[in-house]
Structure formats: C-alpha cells, structure tokens
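Next come the chains, spelled out residue by residue.
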Amino acid sequence: MSRYALTVTCPSTRGIVAAVSGFLADHGCNITDSAQFDDPQTGNFFIRVSFRSEEGADMAALDGDFAEVAKPFGMNFAFHDEAAKMKVVIMVSRFGHCLNDLLYRWRIGALPIDIVAVISNHMDYQKVVVNHDIPFHNIKVTPENKPQAEAAIMQVVEETEADLIVLARYMQILSDEMCQKMSGRIINIHHSFLPSFKGANPYKQAFERGVKLIGATAHYVTADLDEGPIIEQDIVRVTHAQSPSDYVSLGREVEAQVFARAIHAHSHHRVFLNGNKTVVFPASPGGYASERMG
Ligand SMILES: Nc1nc2c(c(=O)[nH]1)N[C@@H](CN(C=O)c1ccc(C(=O)N[C@@H](CCC(=O)O)C(=O)O)cc1)CN2
C-alpha cells in the first residue's frame, strides 16, 4: 500500500479543505490523516493531508492535475511519497553526541532519512562515520578560508543531491549567501532554550544567570545567528548545586532528542515556514509506523 502526503500553503479563504479533499477523492485517493491551521495573524492557511492510493499514485499526474485546483487559491503545494527518504548531510565540529544519536536512530530505522555524507572541520569522528559506510569529508575552516570552505561544503551538498543539511553542533557561522541559498534546508541544534542565550557558550551564560531550567532548540538557520524559525524545543531542570559542565552533561540528552524530533518532522514534510515562525503538524499517535520516531 503506497502512502503519500500533500502539503499546501495559501492565503486563507473558504473552500480550501473541500477543494483538496474533493480532488483526492476524484483521483482515487483515500485520506488517512489531515491537519490544518488558519493563522489570523498572517492570513496564511496551512494543510497537510496524508493519503493512500490503491493503485499507487502517479505523482507527476497528480501534480499536474492539482495545479488547476491550486491556481485560483494561490496555493503553494507539493506531493510527497512517504517511502522516499530525504537525503541529509550532517555537519559536526567537536561535540559528537548529536551525530552519534542520529547515526544510531538512522541505523535502527527510527529516523527514515538517507545520510549521504558527514562533513566536519575536525577529524574526531572520521572513524565512526566511515564505520557506518557513510562518506566523511574533513573541510577545515579558518577566518581566511571561509569562502573556500563553504564552496567545498556546497560541492558535497550538490554532488550528493542533498535535500537537507543538519548542523549537529557545527560551531562555525555560515555566510549570509549560504543561508539564503539553502533557506529552509539547514537545521541547527542550539544548546539553549532560545531566545535565551544565543551564540557561543550558552551553558556558561545560563550558569552565570542562575537559571533553574536549561534547554535545547532546533531551528532553521538564517543569517541572523540563532534567530531562525524554531521547529522544536525542550527543557531540563538544573539546580544551584550544578556547574556548567553538569549542564553540558544534562544537555546532551535533550539536545539529541530535540534535534531528532525536528529532523523527523522536517523529513516527513510536517514543518511549514510561517514568516519568522513555523507551523508543525505532529505525527498522529496511531500514525503510520514509519512516521513514529521510536
Ligand atoms: N549563519 C548562521 N550560522 C550558524 C548558525 C546560525 O543560526 N546562523 N547557528 C550556529 C550554531 N551555533 C550555535 O548553535 C554557533 C556556532 C558558532 C558560533 C561562533 O561564534 N563560532 C565562531 C568560531 C568558533 C570556533 O572556531 O570554534 C565563528 O564562526 O567565528 C556561535 C554559535 C551554526 N552556524
């Protein structure tokens, strides 16, 4: 049984859901799950419909036929084959907990993505990556060679036809040009509960502020450091008796969990950009097995 999804963003108006559901019914598709959001602030409407097709859907035909439905509503839309795995490049510097967590989830099938390469400005994780039969690229970065380094990074992205870059504690600031070119296709895990403690050393900042909660935030990367649209967040309690290194230890788990949830949602086309924010439709609890991140 083939399963698909249709994602739509358009100006809010009457008849959108009827047009989408009617089109799918007319094309022999059964809706299995649907979520929508009408944003009164931005006037945008978002809908994500999961559907199955007995005969297997002809995606190109659906796309072409739906264009006629979409036009009067001004819809931005896309059809997705749920069996297709998103190609992902992971970038990492010195801290490998998020990388290792992603490799494990990928290996056991809990994160249905295709890791096409790992890039690092250091060599710490070359062996573990190669042991997973994944290409490893060491691309050193200095203040002098940043343009050349980014060109090498983009070459890997283009040659692997990657759909998504994930910054798994990659500690280099990406250029405005790269952020623009890859808008909506780079996800970073920041080790604080944004908007608190942007930039470098957030755990040290948190310790000096005397917080009782620390956290992690997965967000799209933009030219404005750690200001991109937030996809997922979580927190963990800390006490007066703990040190910044205790925060680092406590933070590892929550960073990895938040990062995996964000990548899982993005790779299943459940995240929609809505100005400087996102709309995230969670997988339904009883949803299709491949949708559950376990
Ligand atoms: N354009 C963007 N690039 C990056 C973002 C972003 O939001 N926009 N997020 C960061 C990740 N990050 C915090 O999560 C972060 C990384 C690096 C730095 C920083 O000051 N780096 C220094 C070099 C540090 C070193 O060499 O060890 C620098 O680049 O000059 C701050 C925050 C990833 N990139």
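Quick caveat: nothing in here was measured; it's all calculated off a predicted structure. (Residues numbered from 1 in each chain as written. Predicted model: local features only at pLDDT ≥ 70, side-chain atom pairs only at ≥ 80, totals over all residues. Heavy atoms only, no water.)

### Here's the deal with the packing of aromatic side chains
Counting across every chain of the model gives 11 aromatic pairs. Taking 5.6 Å as the distance between ring centres and 25° as the angle between the ring planes, the aromatic pair formed by Tyr-4 and Phe-51 counts as stacked. You can see Tyr-4 sitting in strand 1 (residues 2–11) and its partner Phe-51 sitting in strand 3 (residues 44–53), a full 47 residues away along the chain. In this pair, the class of Tyr-4 matches that of Phe-51, namely buried. Within the aromatic cluster, the residues linked to one another by ring pairs are Tyr-4, Phe-23, Phe-51, Phe-66, Phe-77 and Phe-79. One cation-aromatic arrangement involves Arg-169 over Phe-95; the distance from NZ or CZ to the ring centre is 4.8 Å. (Phe/Tyr/Trp six-rings, centres within 6.5 Å; stacked < 30°, edge-to-face > 60°. Helix = DSSP H or I, 4+ residues; strand = E, 2+ residues; numbered from the N terminus. Buried < 20%, exposed > 50% of the residue type's maximum accessible area, 1.4 Å probe, protein only. Lys NZ or Arg CZ within 6 Å of the ring centre and 35° of its normal.)

### Observations regarding the site of the ligand
In the vicinity of the ligand lie 18 residues, with Gln-172, Leu-174, His-190, Thr-222 and Asp-226 positioned nearest. For the ligand, an oxygen atom lies 2.8 Å from a polar atom in the backbone of Asp-226. A total of 710 Å² of accessible area belongs to the ligand in isolation, and the protein chains cover 76% of it. Sorting elements by how many residues they give to the shell around the ligand places strand 9 (residues 186–190) first, with 3 residues. (Near = heavy atom within 4 Å. Polar contact = N/O pair within 3.5 Å; in protein donor to acceptor, adjacent residues only side chain to side chain. Areas by Shrake-Rupley, 256 points an atom, 1.4 Å probe, with all protein chains shown as cover.)

### Considering the UniProt feature "active site" (unreviewed entry) in the protein
Per the UniProt entry, the sites bearing "active site" (unreviewed entry) are Asp-226 in this numbering. Tracing the chain through its elements places Asp-226 in the loop between strand 10 (213–220) and strand 11 (230–237). Apart from residues no more than four positions distant in its own chain, Asp-226 is found in contact with Asn-188, His-190, Leu-194, Lys-198, Gly-199 and His-219. At a separation of 2.8 Å, a polar atom in the side chain of Asp-226 contacts the main-chain amide nitrogen of Gly-199. (UniProt positions renumbered as here; feature names shortened; annotations may be inferred. Contact = heavy atoms within 4.5 Å.)

### Focus on the environment of Pro-244
Summarising the element assignment, Pro-244 is placed in helix 8 (residues 244–267). Separated by 42 residues in sequence, Pro-244 and Pro-202 have C-alpha atoms that sit 9.5 Å apart. Look past the residues within four positions of Pro-244 in its chain and what remains in contact with it is Tyr-203 and Phe-207.

### Regarding the nonpolar core
Of all hydrophobic cores here, the largest spans 32 residues; its most connected members are Ile-90, Leu-99, Val-118, Val-166, Ile-187, Phe-259 and Ile-263. The set of elements that each furnish at least two residues to this core consists of strand 5 (86–92), helix 3 (97–107), strand 6 (113–120), strand 8 (164–167), strand 9, strand 10 and helix 8. Broken down by element, the residue count for this core peaks at 6 residues, all from helix 8. Leu-99 has contacts with Ile-90, Val-92, Val-118, Tyr-125, Val-129 and Ala-168, leaving out every residue within four places of it along the chain. Of all hydrophobic cores here, the second largest spans 22 residues; its members include Ala-117, Ile-139, Val-157 and Val-221. (Core = buried A, V, L, I, M, F, W, Y, C linked by side-chain atoms within 4.5 Å.)

### Considering a nonpolar patch on the surface
A grouping of Phe-193, Leu-213 and Ile-235 is seen on the molecular surface, where their side chains present a nonpolar patch of about 240 Å² in accessible area. Checked against the element boundaries, Ile-235 lands in strand 11. On the accessibility criterion, Ile-235 (37% relative accessible area) is partly exposed. (Patch = residues over 30% accessible without salt bridge, like charges linked within 9 Å, V, L, I, M, F, W, Y side chains within 5 Å. Salt bridge = Lys/Arg side-chain N within 4 Å of Asp/Glu carboxyl O.)

### So, the pattern of salt bridges
Pairing between side chains of opposite charge can happen when their charged atoms approach one another. A complete count under the given rule lists 10 salt bridges for this structure. As a salt-bridge pair, Arg-169 and Glu-255 come within 2.8 Å of each other at their nearest N and O atoms. On the criterion of sequence distance, the pair formed by Arg-169 in the loop between strand 8 and helix 6 (176–181) and Glu-255 in helix 8 is long-range, its members being 86 residues apart. Per residue, the accessibility class of Arg-169 equals that of Glu-255, and both read buried. In this structure, the salt-bridge partner of Arg-261 is Asp-234, at a minimum N-O distance of 3.1 Å.

### Observations concerning the sheet that holds strand 2 (residues 29–38)
The sheet built from 4 strands is open, its strands ordered 2-3-1-4 with antiparallel pairing. Sheet topology places strand 2 and strand 4 (76–81) at the edges, where each strand pairs with a single neighbour. Strand-to-strand, the axes of this sheet are offset by a mean angle of 15°, without reference to chain direction. Bridge count for strand 1 against strand 4 is 6 bridges, and the pairing is antiparallel. Looking at strand 4, one finds that Leu-6 is bridged to Phe-79. The strands touched by helix 2 (residues 59–70) within the sheet are strand 1, strand 3 and strand 4, with strand 4 carrying the most contacts at an inclination of about 160°. (Pairing = 2+ DSSP bridges. Axes fitted to C-alpha atoms, helices over the stretch in contact; angles between N-to-C directions.)

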